Amino acid sequence: MEFKKPPDGGWGWVIVVVSFFTQFLCYGSPLAVGVLYIEWLDAFGEGKGKTAWIGSLASGVGLLASPVCSVCVSSFGARAVTIFSGFLVAGGLMLSSFAPNIYFLFFSYGIVVGLGCGLLYTATVTITCQYFDSRRGLALGLISTGSSVGLFIYAALQRLLIEFYGLDGCLLIVGALALNILACGSLMRPLQSSDFPLPEKTALENVPDRYSIYKEKEKDPEENINMLEKSYIGEETCKSTLANGDWKSESLLHKNPTTMSRTKETETYKKKVAERTYFCKQLAKRKWQLYKNYCGETVALFKNKVFSALFIAIFLFDIGGFPPSLLMEDVARSSNVKEEEFIMPLISIIGIMTAVGKLILGILADFKWINTLYLYVATLIIMSLALCAIPFAKSYVTLALLSGILGFLTGNWSIFPYVTTKTVGIEKLAHAYGILMFFAGLGNSLGPPIVGWFYDWTQTYDIAFYFSGLCVLLGGFILLLAALPSWDTCKKQLPKPAPTTFLYKVASNSSNV
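Residues numbered from 1 in each chain as written. Predicted model: local features only at pLDDT ≥ 70, side-chain atom pairs only at ≥ 80, totals over all residues. Heavy atoms only, no water.

Looking at an unreviewed UniProt entry, the chain carries the name Monocarboxylate transporter 9, with the source organism given as Bos taurus. Taken verbatim from the UniProt record of the chain, the Subcellular location (unreviewed entry) comment is "Cell membrane". Reading the Function (unreviewed entry) entry of the UniProt record for the chain gives the comment "Extracellular pH-and Na(+)-sensitive low-affinity creatine transporter. Also functions as a pH-independent carnitine efflux transporter." (UniProt positions renumbered as here; feature names shortened; annotations may be inferred.)

In structure tokens:
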């Protein structure tokens, strides 16, 4: 499909607004799941580690399924995927209100809602990139704040709904709100070229030319038709002979108009069969070549030591950095902080500071004198110190202060694409970013249950957050060591020393005497 030149405005701003509200509606509840987490602990009486799987799956499944989400958006378009995903998110939230046990929530809230969020994220980012070019960074920054604003509002909203309608009523109302995603999706008008339509290409021509590297001789459609004709003529001759008992009747049949029309239909059919056979053979080989090239590019990416360090850092960051947004409310309850002291939910503080962090860190990344990779490393190291300080916080004020710091530093997600581009280049960004998001989803899925298991084992969050801080600190230091210029000296080709030259003087005859 050919797209028009990105308008960088016009209907594109409508796309930004609806994408903002789409992320607001779909990510609001999953990111503010810490409020529901406490209710599920009381309702089902399961351990903290097992209960934490609900929220971790809701955040991790969408990232783990990012390759599938990309294929869906490419195949069906952003509008269709958004409307379908709206049904997934709303249905999963409403279904969770009828959950008889925690295992049902693993499916309804963790997998169904999580997959819907992953599809919606891919759809909103894709269509925004199609509508914007020179202002793409601004547009993506605006829509990404939708999830942070959703976290800020839904944390207070869900707590209020639980007080008035209970946990089940809260999930039903939040699910009904998510149905507004369908209206947002209907406004995502695809950007298609209609002014100068190009002649349609066949499916075979749409396969990229750079993968057409086959050297062996292929039978073209004409040769395939000849082969079919030989077999068809022999078959028809046998049939006419058996039917009439005479070889001469064959010539009479060919003079029949009905037979002539059948012959034309047969030739058309043979030509179609031959063309499709040729197409299928070529497509199968080129699909195999695509797979080989993809594997080769993946291996080449991991040969880049900074990229290898980056995937370790993002994995460890999500293991250690994600649990506070899920567990901070329970940390306050475990520290005997009274509810009367809560001026604002801690999760709401994390949400609003995440939005601030995304904007400020994104602005800092645009300055040429700031190294974005080192800026990202700095956020990891400071976050690790803040995580290790959580066990010493025994009041609402200190917990609120640490929540604000953690939220601001979590905004480093806005500069992560910059870091990836700086590491692998713009040509390999899509491939590299998909791999990194897969490992980020894996870390999101494992982090909260690990912290919960530490609590179940020790009956305190102290060791759990020391472990979280150590993970983030380790990832930051690995990335820092890989990015230091002094480690690149081994790759740089030292100038080869000039070959030693020896000057010889031709001795004169008198000197030899």
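(A) Seen up close, unusual backbone geometry. A positive phi angle, near 60°, is found at Gln-459, a position not held by glycine. Tracing the chain through its elements places Gln-459 in the loop between helix H18 (429-458) and helix H19 (462-483). Gln-459 gets classed as exposed once you look at its relative accessible area, which sits at 54%. (Helix = DSSP H or I, 4+ residues; strand = E, 2+ residues; numbered from the N terminus. Buried < 20%, exposed > 50% of the residue type's maximum accessible area, 1.4 Å probe, protein only.)

(B) Structural view of the packing of helix H14 (residues 346-365) against helix H16 (residues 396-410). Packing of H14 against H16 brings their axes to within 6 Å, and their N-to-C directions diverge by 35°. Handedness of the H14/H16 crossing: right-handed. Residues Leu-346, Ile-349, Ile-350, Met-353, Thr-354, Val-356, Gly-357, Ile-360 and Leu-361 of H14 pack against Tyr-396, Leu-399, Ala-400, Ser-403, Gly-404, Gly-407, Phe-408 and Thr-410 of H16. Considered class by class, the residues forming the contact of H14 with H16 number 11 nonpolar, 6 polar and no charged. (Axes fitted to C-alpha atoms, helices over the stretch in contact; angles between N-to-C directions. Left-handed = near helix turned anticlockwise from the far one by under 90°. Contact = heavy atoms within 4.5 Å. Nonpolar A, V, L, I, M, F, W, Y, C, P; charged D, E, K, R; others polar.)

(C) Just a nonpolar patch on the surface, in detail. Together, Leu-160, Phe-164, Tyr-165, Ile-173 and Leu-177 make up an exposed nonpolar region whose accessible area comes to about 500 Å². Looking at the secondary structure, you find Leu-177 in helix H7 (residues 136-178). (Patch = residues over 30% accessible without salt bridge, like charges linked within 9 Å, V, L, I, M, F, W, Y side chains within 5 Å. Areas by Shrake-Rupley, 256 points an atom, 1.4 Å probe, with all protein chains shown as cover. Salt bridge = Lys/Arg side-chain N within 4 Å of Asp/Glu carboxyl O.)

(D) Region of interest: the pattern of salt bridges. As enumerated under the stated definition, the model contains 5 salt bridges in all. The salt bridge partner of Arg-333 is Asp-42, with a shortest N-O separation of 3.5 Å. Of this pair, Arg-333 sits in helix H13 (residues 323-334) while Asp-42 sits in helix H2 (residues 33-44), and the two are 291 residues apart along the sequence. The partner of Arg-333 in a salt bridge is Asp-330, and the shortest N-O contact between them spans 3.4 Å. Of this pair, Arg-333 and Asp-330 both sit in helix H13, 3 residues apart, which is roughly one turn of that helix. A relative accessible area of 1% means that Asp-330 is categorised as buried. In this structure, a network of salt bridges that share partners links the residues Asp-42, Lys-48, Asp-330 and Arg-333.

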